[in-house]
Amino acid sequence: MNLDRILPYAHSLLQRSVSTDDIVVDATVGNGHDTLFLSRLVGEQGRVYGFDVQQKAIDKTATKLEEQDLQNRVMLFQQGHETLDQAIPPVHHGAISGAVFNLGYLPGSDETIVTRPRTTITAVEKLIDMMKPGGLIILVIYHGHAEGAVERDYLLRFVQTIDHQKAHVLRYQFMNQQTPAPFVIAIEKRRERN
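All of the points below concern the structure found in this document. The shown structure was predicted, so the numbers you read here are calculated from the model rather than taken from an experiment.

### Things to note about unusual backbone geometry
A negative phi angle is the norm for most residues apart from glycine, just as the trans form is the norm for most peptide bonds. The phi angle at Asp21 is positive, at roughly 75°, despite the residue not being glycine. Secondary-structure assignment places Asp21 in the loop between α1 (6-17) and β1 (23-26). A residue is classified by how much of its surface remains accessible, and Asp21, at 44% relative accessible area, is partly exposed. Residue Asp69 is not a glycine yet carries a positive backbone phi of 55°.

### Things to note about the nonpolar core
Formed by 32 residues in total, the largest nonpolar core has its most connected members in Val25, Phe101, Leu127, Ile137, Leu139 and Ile187. Residue assignment for this core shows that the elements contributing at least two residues are β1, β2 (47-51), α4 (84-87), β4 (96-103), α5 (117-130), β5 (131-141), α6 (146-159) and β7 (183-189). Dropping the residues within four chain positions of it, Leu127 is found in contact with Val25, Leu84, Ile96, Ala99, Phe101 and Ile137. Core analysis: the next-biggest nonpolar cluster, separate from the first, contains 24 residues, Leu65, Leu70, Leu136 and Ile138 among them.

### Topic: the sheet that holds strand β6 (residues 167-172)
Whether parallel or antiparallel, the strands of a sheet pair through hydrogen bonds between backbone atoms. Reading across from one edge, β3-β2-β1-β4-β5-β7-β6 is the order of the seven strands in this open sheet, with mixed pairing throughout. On the outer flanks of this sheet lie β3 (74-77) and β6, each paired with one strand and no other. Strand-to-strand twist in this sheet, taken as the mean axis angle between neighbours without regard to direction, amounts to 15°. Relative to β3, β2 runs parallel, the two sharing four bridges. Within β3, the position partnered with Gly50 by the bridge is Leu76. Relative to the sheet, α1 contacts β4, β5, β6 and β7, its axis offset from that of β5 by approximately 170°.

### A word on the packing of aromatic side chains
For the structure on display, the rule yields four aromatic pairs. Taking 3.7 Å as the distance between ring centres and 15° as the angle between the ring planes, the aromatic pair formed by Tyr9 and Tyr172 counts as stacked. Placement of Tyr9 in helix α1 and of Tyr172 in strand β6 is noted, with a sequence separation of 163 residues between them. Among the residues examined, Tyr172 registers a relative accessible area of 17% and is labelled buried. An aromatic cluster is defined as three or more aromatic residues linked by ring pairs; in this entry it consists of Tyr9, Tyr172 and Phe174. The cationic tip of Arg171 hangs over the ring face of Phe183; the distance from NZ or CZ to the ring centre is 4.5 Å.

### A short note on the layout of surface pockets
Within this model, the largest pocket holds a volume of roughly 600 Å³. Considering the residues around the largest pocket, the lining is formed by 31 residues, among which Thr28, Gly30, Asp52, Asn102 and Tyr105 are closest to the centre. By residue class, the composition of the lining of the largest pocket is 12 nonpolar, 14 polar and five charged. Put simply, the second largest pocket is a space of about 240 Å³. Taken together, 15 residues line the second largest pocket, and the ones lying closest to its centre are Leu13, Ser17, Gly134, Leu136 and Glu188. Secondary-structure elements contributing two or more residues to the lining of the second largest pocket are α1, β5, β6 and β7. Here the residues of the lining of the second largest pocket sort into eight nonpolar, three polar and four charged.

### Some points on the pattern of salt bridges
Evaluated as defined, the whole model comprises five salt bridges. Among the ionic pairs, Lys126 bridges to Asp85, the shortest N-O distance being 3.0 Å. Highlighted residues: Lys126 in helix α5 and Asp85 in helix α4, separated in sequence by 41 residues. On the accessibility criterion, Lys126 (23% relative accessible area) is partly exposed. Across the pair Glu147 and Arg116 runs a salt bridge whose closest N-O atoms are separated by 2.8 Å. Residue Glu147 is found in helix α6, and its partner Arg116 is found in the loop between β4 and α5; the two are separated by 31 residues along the sequence. The exposure class assigned to Glu147 is partly exposed, which follows from its relative accessible area of 34%. Note on Arg116: relative accessible area 37%, which makes it partly exposed.

Quick notes on the rules
Residues numbered from 1 in each chain as written. Predicted model: local features only at pLDDT ≥ 70, side-chain atom pairs only at ≥ 80, totals over all residues. Heavy atoms only, no water. Helix = DSSP H or I, 4+ residues; strand = E, 2+ residues; numbered from the N terminus. Buried < 20%, exposed > 50% of the residue type's maximum accessible area, 1.4 Å probe, protein only. Core = buried A, V, L, I, M, F, W, Y, C linked by side-chain atoms within 4.5 Å. Contact = heavy atoms within 4.5 Å. Pairing = 2+ DSSP bridges. Axes fitted to C-alpha atoms, helices over the stretch in contact; angles between N-to-C directions. Phe/Tyr/Trp six-rings, centres within 6.5 Å; stacked < 30°, edge-to-face > 60°. Lys NZ or Arg CZ within 6 Å of the ring centre and 35° of its normal. 1 Å grid on protein atoms, 1.4 Å probe; cavity = no way out; pocket = protein on both sides within 12 Å on 5 of 7 lines; lining within 4 Å. Points joined across faces, edges and corners; volume = space filled by probe spheres on them. Nonpolar A, V, L, I, M, F, W, Y, C, P; charged D, E, K, R; others polar. Salt bridge = Lys/Arg side-chain N within 4 Å of Asp/Glu carboxyl O.

Read these as spatial facts, not as claims about activity.
This is how it looks when you write it as structure tokens:
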């Protein structure tokens, strides 16, 4: 297939936005896959801030980072992503080049613990302000369950209201899937014009 699947597409967008020594956010560390990916992108001097409400996710991610000797690049917080502006030092506000959210529930865990539209929208609004110009927020939306469908609908309404002078918003989705396939919303903070 010549078209990228959802997660490879999300990663390819992040690779274009994130460079060595950058500051990035994994807003839902989950099983740690994106945290590892981002920690490799930013290199030894970069920083990844990772958030998850579940201790299981934090522990699993910390173990993966230690196995790869990448733990010095990442700070993990067992708290909701809506608090990221309090956890990330003010010196990094305005310097974040990339962020990723995998929305829904933690695979292989309690499916009643899910991301919620109110906290996700709050986190995205804060991140847009904290991003550097050209910075990119990736939302991977898993909507094949009841709460996921609710969050999808709220997020789609929200992203359509983002001022086009502030950010560009893109949707990447396979349209002819039999089951609700995940899709990507990408939000790129606009560069300042001279």
